[in-house]
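# Observations on chain architecture
Listed here are the chains, written in short residue letters.
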Amino acid sequence: MPPDTPETPGTPGTVWFVGAGPGDPELITIKGQKLLAQAGAVLFAGSLVDRAATEYAPDDCEIRDSKDMTLEDMTEWLVSRARQHQTVVRLQTGDPALYGALIEMARPLDAAGVPWRVVPGVSSAMASMAAAGESMTLPEVTQSVILTRVEGRTPMPEGEDLAALAAHRTTLCIFLSITLLHKVEAALREAGWPEDAPMLVVHKASWPGEELIIRGTLADIKQRCREAGVVSQAMIVASPTLGARHWETLARSKLYDPTFTHRFRKANA
Ligand code: SAH
């Protein structure tokens, strides 16, 4: 294991923003796990990252939950720890680039001359589709995915209201919005989605023993979520691909079509 002090005295260590994945500690990347194993200090997002993810850190590592900290507290903590340790980890839920305040946290590090890097993670959007055995894209159905949220206390920039995005009829993965499901429904209706449009809500995707998969339609998903008691930590998916494993007909992916030639395979005659 490399020494845990900056190589040259006076040179700060590196702050690594590591995607912890959606909850299952086995869904962190190998690179993220290795960095945790050599970290002198770890700041984790307590509300969503399963504490188990910190099980990879060494015994003498300083581990701090950030749930009661302001942005200023966090950056101060990261800067001071980078002056003591070669490897400091900020463990983020899912992927750090999605709703993770990454840039807000990184800019003060730049200002303090502390180097920082990012290790991507499995987003809860991916984990939710995996849990349900669904695909975000399907040939001739949709080839695009929109990752978004509805307006809560954070305002939505112009042109990004959900009704406008939903008009594309592509896969919508809606974060941070389970308590605003009524707004999601209103937006989908405004965009002309039918009442029987399939919808999926996954609560705590990938969390061992806690994952809940709720299927429904635009007409009844809110009721189903209420019955299941799901009020937090949930991904809402609206997509024309949902349920495709049970469809009678399905367009084929060209890549695996026997009549299609590509770089690695000639078509069957
Ligand atoms: N960076 C994270 C998202 C953070 S925002 C990522 O890439 O997944 C927090 C929102 O993510 C929650 O409101 C919820 O919508 C979603 N979320 C995070 N973890 C989740 C999980 N295990 N299951 C379902 N949704 C989750």
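All of these numbers come straight from a predicted model, not from anything done at the bench. Per-chain numbering applies: the sequence of each chain, read as written, is numbered from 1 onward. Residues qualify for local features only when their pLDDT is at least 70, as the model is predicted, and side-chain atom pairs are given and counted only at 80 or more; totals for whole chains, interfaces and linings, by contrast, use all residues. Side-chain measures here rest on the full set of heavy atoms in the structure, leaving out hydrogens and waters.

## Observations regarding the overall build of the chain
Selection criterion: Helix numbering and strand numbering both begin at the N terminus, where a helix is a DSSP run of H or I of at least 4 residues and a strand a DSSP run of E of at least 2. Only protein chains enter the area calculation, which uses a 1.4 Å probe; residues under 20% of their type maximum are buried, those over 50% are exposed, and those in between are partly exposed. For every accessible area listed, the method is Shrake-Rupley and the probe measures 1.4 Å; residues are considered covered only by the protein chains on display. Think of it this way: Lys and Arg go in the positive column, Asp and Glu in the negative one, and His and the chain ends go nowhere. By convention, charge coordinates are those of NZ in Lys, CZ in Arg, CG in Asp, or CD in Glu.
Secondary structure assignment for the chain yields 7 helices and 10 strands. When its C-alpha atoms are laid out on the principal axes, the chain stretches across 65 × 50 × 40 Å. The buried share among the 269 residues of the chain stands at 45%. Total accessible area on the chain is roughly 14,300 Å²; 52% of this is exposed by carbon and sulfur atoms. One finds the centroid of the 26 positive side-chain charges in the chain at a distance of 5 Å from the centroid of its 33 negative side-chain charges.

## Thoughts on the packing of helix H2 (residues 71–82) against helix H3 (residues 102–111)
The criterion, for reference: Axis definition: a line fitted to C-alpha atoms, limited for helices to the stretch in contact. Angles are taken between N-to-C directions and run from 0 to 180 degrees. Here the word oblique covers every angle except those under 35 degrees (roughly parallel), over 145 (roughly antiparallel) and from 65 to 115 (roughly perpendicular). It is the rotation of the near helix from the far one that decides the hand of a crossing: anticlockwise by less than a right angle makes it left-handed, clockwise makes it right-handed. Whether two residues are in contact is decided by their heavy atoms, any of which lying within 4.5 Å being enough. Asp, Glu, Lys and Arg are counted as charged, while Ala, Val, Leu, Ile, Met, Phe, Trp, Tyr, Cys and Pro are counted as nonpolar; the rest, among them Gly, fall into the polar class.
Their axes nearest at 10 Å, the elements H2 and H3 cross at an angle of 45°. When the axis of H2 is compared with that of H3, the two are oblique. Between H2 and H3 lies a crossing whose hand is right-handed. Residues Leu 71, Met 74, Thr 75, Leu 78 and Val 79 of H2 form the contact with H3, whose own contacting residues are Glu 104, Met 105, Pro 108 and Leu 109. Taken together, the residues of the contact of H2 with H3 break down into 7 nonpolar, 1 polar and 1 charged.

## Digging into the site of the ligand
Let me state the cut-off plainly: The near set for a molecule or strand comprises every residue that places at least one heavy atom within 4 Å of it. For the purposes of these results, a polar contact is taken to be a pair of N or O atoms within 3.5 Å, where, inside protein, one atom must be able to donate a hydrogen and its partner to accept one; residues adjacent in sequence count only when each atom of the pair is a side-chain atom.
With respect to spatial proximity, 18 residues lie near the ligand, and among them Pro 22, Leu 98, Ser 124, Ala 205 and Ala 234 are the closest. Contact between the ligand and Ala 234: an oxygen atom at 2.8 Å from a main-chain N or O atom of the residue. For the ligand, the protein covers 94% of the area, taking 550 Å² as the surface of the free molecule. Partitioning the shell around the ligand into residue classes produces 11 nonpolar, 5 polar and 2 charged.

## Notes on the sheet that holds strand E6 (residues 145–149)
Strand pairs in the sheet, formed through backbone hydrogen bonds, run parallel or antiparallel to each other. Keep this limit in mind: Two strands make a pair as long as DSSP finds a minimum of two bridges between them.
Read across the open sheet, the 5 strands follow the order E6-E7-E10-E8-E9; overall the sheet is mixed. Edge positions in the sheet fall to E6 and strand E9 (212–217), since each of these pairs with one other strand and no more. Across this sheet, the average inter-strand angle for adjacent strands is 20°, counted without regard to direction. Strand contacts of helix H4 (residues 124–132): E6, strand E7 (171–175), strand E8 (198–203), E9 and strand E10 (234–238), with the helix running at about 110° to E8, the strand carrying the most contacts. The sheet contacts of helix H6 (residues 181–190) involve E7, E8 and E10, and relative to E10 the element is tilted by about 10°.

## What about the sheet that holds strand E1 (residues 14–19)?
The strand order across the open sheet formed by 5 strands is E3-E2-E4-E1-E5, and the pairing between neighbours is parallel. Only two strands of the sheet have a single partner each, and these edge strands are strand E3 (62–65) and strand E5 (116–119). Sheet twist, expressed as the mean angle between neighbouring strand axes with direction ignored, is 20°.

## Digging into the domain arrangement of the chain
This is how the line gets drawn: Segmentation of the chain into domains, including their bounds, is taken from an automatic or database domain assignment. Here the quantity called buried area is the total loss of accessible area, with a 1.4 Å probe, experienced by two parts when brought into contact, counted for both. Here, a salt bridge means any Lys or Arg side-chain nitrogen found within 4 Å of an Asp or Glu carboxyl oxygen.
Per the domain assignment, the segments of the chain are domain 1 (14–119) and domain 2 (124–246). Taking the mean C-alpha position of each, domain 1 and domain 2 sit 28 Å from one another. Between domain 1 and domain 2, roughly 840 Å² of surface is buried when both sides are summed, and carbon and sulfur atoms account for 70% of that area. Across the domain 1-domain 2 interface, the total number found is 0 salt bridges. Along the contact surface separating domain 1 from domain 2 lie 3 residue pairs in polar contact (both at pLDDT 80 or more).

## Side note on the packing of H6 against helix H7 (residues 221–228)
The interhelical angle for the contact between H6 and H7, taken along N-to-C directions, is 165°, at an axis separation of 10 Å. Taken together, H6 and H7 sit at an angle that is classed as roughly antiparallel. Every pair of crossing elements has a handedness; the one defined by H6 and H7 is right-handed. Of the residues in H7, those touching H6 at Leu 181, His 182 and Glu 185 are Ile 221, Lys 222 and Cys 225. Residues belonging to the contact of H6 with H7 are distributed by class as follows: 3 nonpolar, 1 polar and 2 charged.

## Considerations on unusual backbone geometry
With the exception of glycine, most residues fall at negative phi, and the peptide bonds are largely trans. For Glu 140, which is not glycine, the phi torsion reads 65° and is therefore positive. If you trace the backbone, Glu 140 turns up in the loop between H4 and E6. Under the relative-accessibility criterion, Glu 140 is labelled exposed at 70%.

## With respect to the pattern of salt bridges
Taken as a whole, this structure holds 8 salt bridges when the rule is applied. As a salt-bridge pair, Arg 81 and Glu 62 come within 2.7 Å of each other at their nearest N and O atoms. With Arg 81 in helix H2 and Glu 62 in strand E3, this pair connects stretches of sequence that are 19 residues apart. Note on Glu 62: relative accessible area 31%, which makes it partly exposed. The shortest N-O distance in the salt bridge between Asp 220 and Arg 224 comes to 3.0 Å. On the accessibility criterion, Arg 224 (39% relative accessible area) is partly exposed. Salt bridges linked by common partners bring Glu 185, Arg 189 and Glu 195 together as one network.

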